[in-house]
Amino acid sequence: MDFSDLKFDDKGLIPAIVQEAAGGAVLMMAYMNRESLVKTLETGYTWFYSRSRQALWEKGSTSGNRQKVVTLRYDCDGDSLLVGVEQQGAACHTGEKSCFFRSLLDSEGDSPTDCFGPVMAELYRKLQERRENPQKDSYTNYLLDKGLDKILKKVGEESAEVIIAAKNNSREELIYETADLLYHLSVLLLALELNYEDIGRELQKRFK
């Protein structure tokens, strides 16, 4: 494999920032060397190099919190990687979803806009988990089992509910019905093997 565009440091390492592919939430930062990068590309799951243990390690090999690679990019200088993944479980060893859960700013807090992407990514992840591990009486499993026509019917019904809520000029009702619609849209995307990264790319095209 040709890594000539990449700039590894004097120890043969390059930082790899890992983010959730579906919503863009930053999950963690670790280091890769050439060998771990090759393993990542060959297996489709993240491998890193531990500076403390001086050994390769596969993310989630013991915890089960593996990271399926969706995208793998490098920056303009070629000295860092950006890995988009489907995260299984928590990325952080503390049990937090992301390693970046602490703030140096006392006044810092997520605005509704800031939290929307991570919330949608978490919703999509939970839907994936429910599809892979079906549970009795699960509404998500019920929709997926019934198939596309049932999901589309619910998307249509929820779209109508959003319109009615807006016509009623009810803020609370509109928020509630929009959340219902987004949930059913997420189930639809999952059923058709799409995710929010696909939608994000389309929206980015329109920004231009």
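Above this text sits the structure in question.
It should be emphasised that the depicted structure is a prediction, and the values quoted were computed from it without experimental measurement.

K.L.:
I'd like a rundown of the overall build of the protein, residues and numbers included.
P.N.:
A tally of helices and strands in the protein yields six helices and six strands. From first element to last, N terminus to C terminus, the protein shows the α and β order β-β-α-β-β-β-β-α-α-α-α-α. Each of the three principal axes of the protein carries a C-alpha extent, and together these read 65 × 40 × 35 Å. The long-range fraction of contacts in the protein, counting pairs at least 24 apart against all pairs at least 6 apart in sequence, stands at 49%. Per element, the accessible surface of the protein, about 13200 Å² overall, is 52% carbon and sulfur. Between the averaged position of the 27 positive side-chain charges in the protein and that of its 34 negative side-chain charges there is a distance of 3 Å.

K.L.:
Lay out the state of the cysteines in plain terms, naming residues and giving numbers.
P.N.:
Covalent bonding between the sulfur atoms of two cysteines defines a disulfide. Scanning all chains against the criterion turns up zero disulfides. Of the cysteine sulfurs around Cys92, a residue in no disulfide, the closest is that of Cys99, at 3.8 Å.

K.L.:
Can you lay out the pairing of strand β6 (residues 81–87) for me, pointing to particular residues and giving the numbers?
P.N.:
Across the seven residues that make up β6, a large majority, five, are buried. Of the pairings in the sheet, the one linking strand β5 (residues 67–74) to β6 comprises seven bridges and is antiparallel in character. In the sheet register, Arg73 faces β6, and the bridge partner there is Leu82. If you look at the hairpin formed by β5 and β6, you'll find six residues sitting between the two strands, and Gly78 has a positive phi there, around 75°.

Conventions adopted
Residues numbered from 1 in each chain as written. Predicted model: local features only at pLDDT ≥ 70, side-chain atom pairs only at ≥ 80, totals over all residues. Heavy atoms only, no water. Helix = DSSP H or I, 4+ residues; strand = E, 2+ residues; numbered from the N terminus. Contact = heavy atoms within 4.5 Å. Areas by Shrake-Rupley, 256 points an atom, 1.4 Å probe, with all protein chains shown as cover. Lys, Arg positive; Asp, Glu negative; His and termini not counted. Charge placed at Lys NZ, Arg CZ, Asp CG, Glu CD. Disulfide = S-S within 2.5 Å. Buried < 20%, exposed > 50% of the residue type's maximum accessible area, 1.4 Å probe, protein only. Pairing = 2+ DSSP bridges.

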